[in-house]
Amino acid sequence: MRGVFVFLLLLALSRGIVSAEIKGDPDSPDFVTATFLVAAPGEAIYQISGHAVIELECPSANLDYMFSFESEDAGGAFMQLFRHVYGRVVAVPPQEYLSQFRDEDREVYALPLNLTPQQKRELWRALDTRIVAAPEKFNIRTRHCTSVLLEAINDAVRPGHIEVVGSDVIGDADMNVIDAITPEDAPWRNLALRIAMGNVCDRAGTLLSQSAPMVVLQEWRHYRIIYPDGTSVALFSGEPELVIAGNPEHGRPFVTPMFVAVVLLAASAVACVLQWRGRGRRVVRAVDILLFVLVTVGGILLVIALSTPARIGGFANWNLILFNPLLIPAMFLLRRHKTAYWRFCAAYAGLLVVYAVAGPLLTFSIVPSLSLLALAVAARLMGNGVRLKD
């Protein structure tokens with residue numbers, strides 16, 4: 001029984017933490033317990049999909065630690081969007097670590113890991129190795145707390161490996177991951193992730209990248225350890241147990257993306273009618289400013305999000321058609337040339353109609369609320385083109 005397990009044990013003995021005589025059989029299944037814990041999503045950007053830790057406990061040696069992959073927080077959560085963020089595995093006493101989730105009223109669930117005594121020792125060794133390893137880049141989609149922990153479990157169960165069997169989430173499009181980590185009472189978070197990920201929503205990520213904390217909690221039955229001889233066992237040996245009840249706020253907000261989109265489409269329709277009747281110029285102008293500023297500023301923010309080191313998607317993003325940072329500048333530059341302005345408005349309005357109608361069929365990143373917003377903007381583009389042409 002060499003490696004970090006012995007090292008920690010000897011360290012505890014040398015400091016008087018445990019008695020010199022340890023009771024229990026090291027090869028007993030209960031000598032070391034291994035538990036996978038999942039916390040509900042938090043307010044911080046890097047915990048939008050929840051947080052996961054592994055607890056390893058050896059009661060006979062009075063050793064109990066929670067291993068967590070923690071990202072650096074220098075500069076605050078906002079600055080994590082604009083620079084490369086690094087993380088590393090840390091070991092913290094359970095009560096000290098869980099106190100933050102109690103303070104934030106976040107639910108925490110525990111899943112017992114179905115590992116042999118030898119695999120538990122190897123897991124302890126693998127996690128300890130990551131503590132002293134150099135920090136590595138953190139990304140909420142591709143390299144996060146759960147992916148690092150599952151990678152350590154993979155090392156511990158060799159020559160076996162972890163697979164997910166029969167899941168409707170893992171192995172399919174990343175859109176399913178977004179739906180799994182965003183509850184129904186968080187429609188704005190769901191929409192923001194779809195827009196930021198763009199065409200990535202349509203691709204299937206890896207087992208490690210798709211295993212966000214809340215995904216593991218939802219799909220735990222499908223995780224298995226596969227051995228070279230074809231045999232397999234469940235990775236988790238029991239159902240999730242509630243460790244911290246928390247006090248999560250539930251309830252779908254009244255102002256949803258669909259509600260806002262319907263209101264904007266109705267406002268665009270009213271502006272078109274008023275313009276056709278030659279009335280309500282101030283109302284028409286206010287609606288135009290609102291819609292054009294919304295999609296232009298949204299485009300600027302989207303381009304920034306796609307350009308930062310923390311990005312979760314690329315510029316292959318259909319939503320750049322709707323959220324176009326160059327819309328207002330282009331309209332301003334072409335306004336003096338009536339024919340060019342009319343052609344631009346008509347062409348761009350046509351493109352938005354195609355986006356609204358065909359987009360949801362081509363990509364999961366375009367949802368009905370975005371289609372309605374695109375139709376609202378298209379209608380006012382045509383209205384502006386016709387007004388200047390006449």
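It should be noted that the structure appears before, not after, this text.
Below is a summary of the structure that appears in this document.

Conventions used here
- Residues numbered from 1 in each chain as written.
- Predicted model: local features only at pLDDT ≥ 70, side-chain atom pairs only at ≥ 80, totals over all residues.
- Heavy atoms only, no water.
- Helix = DSSP H or I, 4+ residues; strand = E, 2+ residues; numbered from the N terminus.
- Buried < 20%, exposed > 50% of the residue type's maximum accessible area, 1.4 Å probe, protein only.
- Contact = heavy atoms within 4.5 Å.
- 1 Å grid on protein atoms, 1.4 Å probe; cavity = no way out; pocket = protein on both sides within 12 Å on 5 of 7 lines; lining within 4 Å.
- Points joined across faces, edges and corners; volume = space filled by probe spheres on them.
- Polar contact = N/O pair within 3.5 Å; in protein donor to acceptor, adjacent residues only side chain to side chain.
- Expected span 1.5 Å × (residues − 1).
- Bend = angle between axes of the 7 residues up to and from the residue.
- Pairing = 2+ DSSP bridges.
- Phe/Tyr/Trp six-rings, centres within 6.5 Å; stacked < 30°, edge-to-face > 60°.
- Patch = residues over 30% accessible without salt bridge, like charges linked within 9 Å, V, L, I, M, F, W, Y side chains within 5 Å.
- Areas by Shrake-Rupley, 256 points an atom, 1.4 Å probe, with all protein chains shown as cover.
- Salt bridge = Lys/Arg side-chain N within 4 Å of Asp/Glu carboxyl O.

This paragraph deals with the environment of L150. With respect to the helices, strands and loops of the structure, L150 is situated in helix 5 (residues 145-156). A relative accessible area of 0% means that L150 is categorised as buried. Put simply, L150 and L207 are 57 residues apart on the chain and 9.4 Å apart in space, counted from C-alpha to C-alpha. With near-sequence residues (within four places) excluded, L150 lies in contact with F36, I162, L207, L208, S211, Y223 and L235.

Moving on: empty space enclosed by the protein. Inspection of the entire model under this criterion finds 3 cavities of 30 Å³ or more. Roughly 170 Å³ of volume is contained in the largest cavity. Lining the largest cavity we find 15 residues, and of these I140, R141, V177, I181 and M197 sit closest to its centre. The set of elements that each furnish at least two residues to the lining of the largest cavity consists of helix 6 (175-181), helix 7 (187-197) and helix 8 (207-210). The element contributing the most residues to the lining of the largest cavity is helix 6, with 3 residues. Volume-wise, the second largest cavity comes out at about 90 Å³.

Turning our attention to the side chain of R194. Along the chain, R194 turns up in helix 7. Polar contacts involving the side chain of R194 include one to the side chain of D179, which spans 3.0 Å. In terms of polar contacts, R194 uses its side chain to reach the backbone carbonyl oxygen of F364, at 2.6 Å. In contact with R194, other than residues within four places in its own chain, are M175, I178, D179, C201, N319, F364, S365 and V367.

End to end, helix 13 (residues 338-362) covers 34 Å across 25 residues, agreeing with the expected 36 Å (1.5 Å per residue, within 8%). Taken as a whole, helix 13 carries its principal kink of about 40° at A356; the proline P360 stands between one and four residues after it. Within helix 13 the residues assigned to the buried category are Y341, C345, Y348, A349, L352, Y355, A356 and G359.

The next point concerns the pairing of strand 4 (residues 86-92). For strand 3 (residues 63-71) and strand 4, the ladder comprises 6 bridges, and the chain directions are antiparallel. In the strand pairing of strand 4, S68 is matched with V90. Bridging between strand 4 and strand 6 (residues 136-137) involves 2 bridges; their strand directions are antiparallel. Its bridge partner being in strand 6, Y86 is matched across the sheet by K137.

The final tally for this structure, using the stated rule, is 7 aromatic pairs. The interplanar angle of 80° and the centroid separation of 6.4 Å between the aromatic rings of F67 and W124 together place this pair among those described as edge-to-face. Linking F67 in strand 3 with W124 in helix 4 (residues 117-132), this pair joins segments that are 57 residues apart in sequence. Given a relative accessible area of 2%, F67 falls into the buried group. Accessibility expressed as a relative area gives 0% for W124, which makes it buried. Pairwise contacts between aromatic rings join F36, Y223 and F236 into one cluster.

A cluster of nonpolar side chains, namely I289, V293, V297, I300, L301, I304 and I328, defines an oily patch on the protein surface of about 540 Å² accessible area. The dominant element in the nonpolar patch, judged by the number of residues it contributes, is helix 11 (residues 281-307), at 6 residues. Along the chain, I304 turns up in helix 11. Residue classification places I304 among the partly exposed positions, given a relative accessible area of 37%.

Between R158 and P159 the backbone carries a cis peptide bond, its omega angle lying at 15°. Locating P159 in the fold gives a position in the loop between helix 5 and strand 7 (161-164). Of note, N62 is a non-glycine position whose phi angle comes to about 55°, a positive value. Tracing the backbone shows N62 in the loop between strand 2 (51-58) and strand 3. Positive phi, normally seen in glycine, also occurs at D105, with a value near 55°. Among the structural elements, D105 can be located in the loop between helix 3 (94-103) and strand 5 (108-112). D105 sits in the partly exposed class, given a relative accessible area of 39%.

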